[in-house]
Amino acid sequence: CETIGIRRTLAMTSEYTPPKVWVHEKKGDNEFANINAPVSGSRFDKELPVGKHALQLYSYGTPNGAKVTILLEELLAIGVKEAEYD
C-alpha cells in the first residue's frame, strides 16, 4: 500500500505539457493499426450534389444518420410534405 501511495504522488506531481502542434505518427506493421486516425472534420473539399427539395440529407450509414432518415420517412408517411428530402 505504501508503494501505491508513492506512485500516486509521482503521477500527480509530474507535469504534462502538450505540444503546440500535435502530429499523428502512424506506427505499427499491423494492417489495421492505422485505420482510426484521430482527426475530425472534412478530410477534403468536395462539391456536394444538390437535389430539388429544400432538405438535403448527406449521411453515412451510421446510427445517427439512420435516425434522421427514419424521422424524415415517418414524417412523410403521416403526410408532412415539408419533410421531402434528397
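Heads up: the structure comes first, above all this text.
Definitions and cut-offs
Residues numbered from 1 in each chain as written. Predicted model: local features only at pLDDT ≥ 70, side-chain atom pairs only at ≥ 80, totals over all residues. Heavy atoms only, no water. Helix = DSSP H or I, 4+ residues; strand = E, 2+ residues; numbered from the N terminus. Buried < 20%, exposed > 50% of the residue type's maximum accessible area, 1.4 Å probe, protein only. Areas by Shrake-Rupley, 256 points an atom, 1.4 Å probe, with all protein chains shown as cover. Patch = residues over 30% accessible without salt bridge, like charges linked within 9 Å, V, L, I, M, F, W, Y side chains within 5 Å. Salt bridge = Lys/Arg side-chain N within 4 Å of Asp/Glu carboxyl O. Expected span 1.5 Å × (residues − 1). Contact = heavy atoms within 4.5 Å.

A. Molecular detail of the overall build of the protein. Counting its secondary structure elements, the protein contains 2 helices and 0 strands. When the 86 residues of the protein are sorted by exposure, 3% land in the buried category. Accessible surface for the protein amounts to roughly 8,500 Å². Of this, 57% is attributable to carbon and sulfur atoms.

B. Representation of a nonpolar patch on the surface in the model. A contiguous nonpolar patch, built from Leu48, Val50 and Tyr58 and spanning about 320 Å² of accessible area, is present on the exposed surface. Residue placement: Leu48 occurs in the loop between helix H1 (2-13) and helix H2 (63-77).

C. Summary view of H2. Taking 1.5 Å of rise per residue, the 15 residues of H2 would be expected to cover 21 Å, and the 21 Å separating its terminal C-alpha atoms lies within 8% of that figure. The positive-phi residue at the C-terminal boundary of H2 is Gly79, with phi of around 95 degrees.

D. Summary view of the environment of Leu55. Topologically, Leu55 is positioned in the loop between H1 and H2. Residue classification places Leu55 among the partly exposed residues on the basis of a relative accessible area of 36%. For the pair Leu55 and Asp86, spaced 31 residues apart in the sequence, the C-alpha separation amounts to 6.5 Å. Discounting residues that sit within four places of it in the chain, Leu55 has contacts with Leu72, Glu82, Ala83, Glu84, Tyr85 and Asp86.

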